[in-house]
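Structural overview
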Amino acid sequence: MLTTGDKKVYRSGDVQALTREVLGWDLPLAGLQHWVVGRADPEIPVQAEEHDARGRLTRLTQNDWRISFLAYAGDSALPARMALAYDSLSLRLIIDRWDLTE
């Protein structure tokens, strides 16, 4: 599901096609699968990174994407709010609930 800044909701089984159609560009899915869990992508050189006192990422730059980890879920190492920026593009990712039972 993708919700735009003007509160329009879009759904598709193919995230890459959804973002291309709605936003006009592709999400960095290779990096995103790592960033969303609070880690750098081990396959991409890290351009810059900052950590908090607990060792959690607060800022990360990879592949020219600037990722800010704005909040973590409770006392965990899993992000709850993130901001991603690339050139003039910006995204905000909010994770309401983590379910790691799979």
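Attention in this report is confined to the structure presented alongside it.

Cut-offs and rules
- Residues numbered from 1 in each chain as written.
- Predicted model: local features only at pLDDT ≥ 70, side-chain atom pairs only at ≥ 80, totals over all residues.
- Heavy atoms only, no water.
- Pairing = 2+ DSSP bridges.
- Helix = DSSP H or I, 4+ residues; strand = E, 2+ residues; numbered from the N terminus.
- Axes fitted to C-alpha atoms, helices over the stretch in contact; angles between N-to-C directions.
- Buried < 20%, exposed > 50% of the residue type's maximum accessible area, 1.4 Å probe, protein only.

Right, let's get into the sheet that holds strand S3 (residues 46–51). A sheet is described by the order of its strands in space; here 5 strands give the open sequence S3-S4-S5-S6-S7, paired in antiparallel fashion. Both outer strands of the open sheet, S3 and strand S7 (89–94), are each paired with one neighbouring strand and no more. When the angles between neighbouring strand axes are averaged without regard to direction, this sheet yields 10°. Judged from the 6 bridges that link them, strand S5 (residues 65–72) and strand S6 (residues 79–86) form a sheet pairing that is antiparallel. Bridge pairing in S6 places isoleucine 67 opposite leucine 84.

Right, let's talk about the pairing of S7 for a bit. Of all 6 residues that make up S7, 0 are buried, and the element is exposed over most of its length. Looking at chain direction, S6 and S7 are connected through 6 bridges and run antiparallel. By the bridge assignment, leucine 84 is partnered in S7 with leucine 91. In sequence, S6 turns back onto S7 through a hairpin of 2 residues, with aspartate 87 there showing a positive phi of about 50°.

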